[in-house]
Amino acid sequence: MPAKRLTQRFPFLLPLRRLQRKFCFYLQMALDRNHYARTKEPSPLPYAVFSAKSGMINPHSGYDIRYQYNKVHNLKLAAAPIHRVLIRPGETFSFWMLVRGADRHQRYLDGLNLENGKIVGSYGGGLCQLSNLLFWLFLHTPLTVVERHGHRVESFPSTDEQLPAGTDATIHEGWLDLKVRNDTEACYQILLSFTDTDLCGSIHCDEPAQYRYEVYNGSVLYIRSQSKTLQRAQVCRRCIRLSDGEAQDEILYENQCEIGYPLPEGTVIAEEEEV
């Protein structure tokens, strides 16, 4: 059994540890010489690049449904400082640089979070659904992903089974961020909105798109390792030039996470030594 962290042995130290991490987290960004996206444009840029939506209420979570409705509240607070922001040439988008302080005037509610390997209701839970959607949008643009972290554990089935495996992006203030950099000469804009059931997002640009992107899994394997079920997914992307249809495929990354719910009957699960 691994040794407990100091904050697990002495929980009263956890608030101090969080303050320390956040201070160092933002100090590093203040000193890293990146130009972070902050400017907003009230009107949408003229060319729509890609759009997607994500259902906000997951009836299959297995937890108190009130956490799902609390999550909707949290998502709306966090989306407000990101909506309509521009990512201009040379700028870097940081989830936390924009969302820090989103609860300054209206507090988050308790939503579901993974803490110390367990799903619990905690302050501000559920914001990963916003970072998931943003990452999915970014994958359909030429923006350069600077920082992305996959969930270590997928605790319950996704609300959108059509998404390729391993295309999530978790965030944790002070520890984990989602960042993309604009290495192009065009300006991009993030637009976010809500329906009664969905979180909706789109990317717009000030220039017509030159490429269309398709994101897919090259392979998805399930492996049993030390009583855990792991998912290993190869995430690939096809870049299609709009002028002539020429396509080029690339492997973006390999993603691994633990599956924390029963897989559908008939799913092939290999033993680790077989892989």
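In the block above lies the structure referred to throughout.
Residues numbered from 1 in each chain as written. Predicted model: local features only at pLDDT ≥ 70, side-chain atom pairs only at ≥ 80, totals over all residues. Heavy atoms only, no water.

A. Inspection of the overall build of the chain at higher detail. For the chain, the count of helices and strands is five helices and 15 strands. Against the compact-globule benchmark of 19 Å for 275 residues, the chain has a radius of gyration of 19 Å, which places it among compact chains. Counting only C-alpha atoms, the chain reaches 55 × 50 × 40 Å along its principal axes. In the chain, the share of contacts with a sequence separation of at least 24, taken over all contacts with a separation of at least 6, comes to 72%. Within the chain, the 32 negative side-chain charges are centred at a point lying 10 Å from the centre of the 31 positive side-chain charges. (Helix = DSSP H or I, 4+ residues; strand = E, 2+ residues; numbered from the N terminus. Rg over C-alpha atoms; globule rule 2.2 N^0.38 Å. Contact = heavy atoms within 4.5 Å. Lys, Arg positive; Asp, Glu negative; His and termini not counted. Charge placed at Lys NZ, Arg CZ, Asp CG, Glu CD.)

B. Representation of the layout of surface pockets in the model. Looking at the second largest pocket, its volume works out to about 220 Å³. As for the second largest pocket, its lining consists of 13 residues, of which Pro142, Ala186, Tyr188, Pro208 and Gln210 are closest to the centre. Tallied by class, residues from the lining of the second largest pocket come to nine nonpolar, two polar and two charged. (1 Å grid on protein atoms, 1.4 Å probe; cavity = no way out; pocket = protein on both sides within 12 Å on 5 of 7 lines; lining within 4 Å. Points joined across faces, edges and corners; volume = space filled by probe spheres on them. Nonpolar A, V, L, I, M, F, W, Y, C, P; charged D, E, K, R; others polar.)

C. Up close: the side chain of Gln189. Among the secondary structure elements, Gln189 is positioned in strand 10 (residues 188-194). Within the structure, Gln189 has its side chain in polar contact with the backbone oxygen of Ser43 (distance 3.4 Å). Only 3.4 Å separates the side chain of Gln189 from the backbone oxygen of Arg84, close enough to count as a polar contact. Apart from residues no more than four positions distant in its own chain, Gln189 is found in contact with Glu41, Ser43, Pro44, Leu45, Arg84, Val85, Leu86, Ser202, Ile203 and His204. (Polar contact = N/O pair within 3.5 Å; in protein donor to acceptor, adjacent residues only side chain to side chain.)

D. Inspection of the sheet that holds strand 11 (residues 198-205) at higher detail. Sheet architecture is open: four strands sit in the order 2-11-10-3, paired in antiparallel fashion. A strand with exactly one partner marks an edge of an open sheet, and here the two such strands are strand 2 (47-55) and strand 3 (86-87). (Pairing = 2+ DSSP bridges.)

E. Focus on unusual backbone geometry. Backbone geometry at Arg33 places phi at a positive 70°, although glycine is not the residue there. The topology assignment puts Arg33 in the loop between helix 2 (14-31) and strand 1 (35-36). Arg33 sits in the exposed class, given a relative accessible area of 78%. A positive phi angle, near 75°, is found at Arg84, a position not held by glycine. Inspection of the secondary structure puts Arg84 in the loop between helix 3 (66-79) and strand 3. Taking relative accessible area as the criterion, Arg84 reaches 36% and is therefore assigned partly exposed. (Buried < 20%, exposed > 50% of the residue type's maximum accessible area, 1.4 Å probe, protein only.)

F. Here's a closer look at a nonpolar patch on the surface. Taken together, the side chains of Phe23, Leu27 and Leu31 present a nonpolar region at the surface, about 340 Å² in accessible area. Along the polypeptide, Phe23 turns up in helix 2. (Patch = residues over 30% accessible without salt bridge, like charges linked within 9 Å, V, L, I, M, F, W, Y side chains within 5 Å. Areas by Shrake-Rupley, 256 points an atom, 1.4 Å probe, with all protein chains shown as cover. Salt bridge = Lys/Arg side-chain N within 4 Å of Asp/Glu carboxyl O.)

G. Spatial organisation of helix 3. Along its 14 residues, helix 3 runs 20 Å from first to last C-alpha, staying within 8% of the 20 Å computed at 1.5 Å per residue. Where helix 3 is concerned, the buried positions are Tyr67, Gln68, Asn70, Lys71, Val72, Asn74, Leu75, Leu77, Ala78 and Ala79. Those residues of helix 3 that are buried are in contact with helix 4 (95-99), strand 5 (110-115), strand 6 (118-123), helix 5 (128-138) and strand 10. (Expected span 1.5 Å × (residues − 1).)

H. Here's a closer look at the packing of aromatic side chains. Counted by the stated rule, this structure contains six aromatic pairs. Between Phe95 and Trp96, the ring centres sit 5.1 Å apart and the planes meet at 85°, which makes this aromatic pair edge-to-face. Across this residue pair, the class does not change: Phe95 and Trp96 are buried. Note on Phe135 and Tyr253: the rings are 6.3 Å apart at their centroids and 45° apart in plane angle, and the pair reads as tilted. Placement of Phe135 in helix 5 and of Tyr253 in strand 14 (residues 247-259) is noted, with a sequence separation of 118 residues between them. A relative accessible area of 1% means that Phe135 is categorised as buried. Residue Tyr253 is classed as buried on the basis of its relative accessible area of 18%. Here the guanidinium or amino end of Lys76 rests over the ring plane of Phe194, the centre of that ring lying 5.8 Å away. Just above the ring of Tyr26 sits the side chain of Arg100; from NZ or CZ to the centre is 3.7 Å. (Phe/Tyr/Trp six-rings, centres within 6.5 Å; stacked < 30°, edge-to-face > 60°. Lys NZ or Arg CZ within 6 Å of the ring centre and 35° of its normal.)

I. Quick peek at the sheet that holds strand 9 (residues 179-181). Taken together, the four strands give an open sheet; going across it, the order is 1-4-9-7, and neighbouring strands pair in mixed fashion. In this open sheet, the two edge strands, each paired with only one partner strand, are strand 1 and strand 7 (144-147). Both strand 4 (residues 91-94) and strand 9 contribute to a ladder of three bridges, which runs antiparallel. Paired with Thr92 across the bridge in strand 9 is Arg181.

Any functional reading would require information that these geometric values do not contain.
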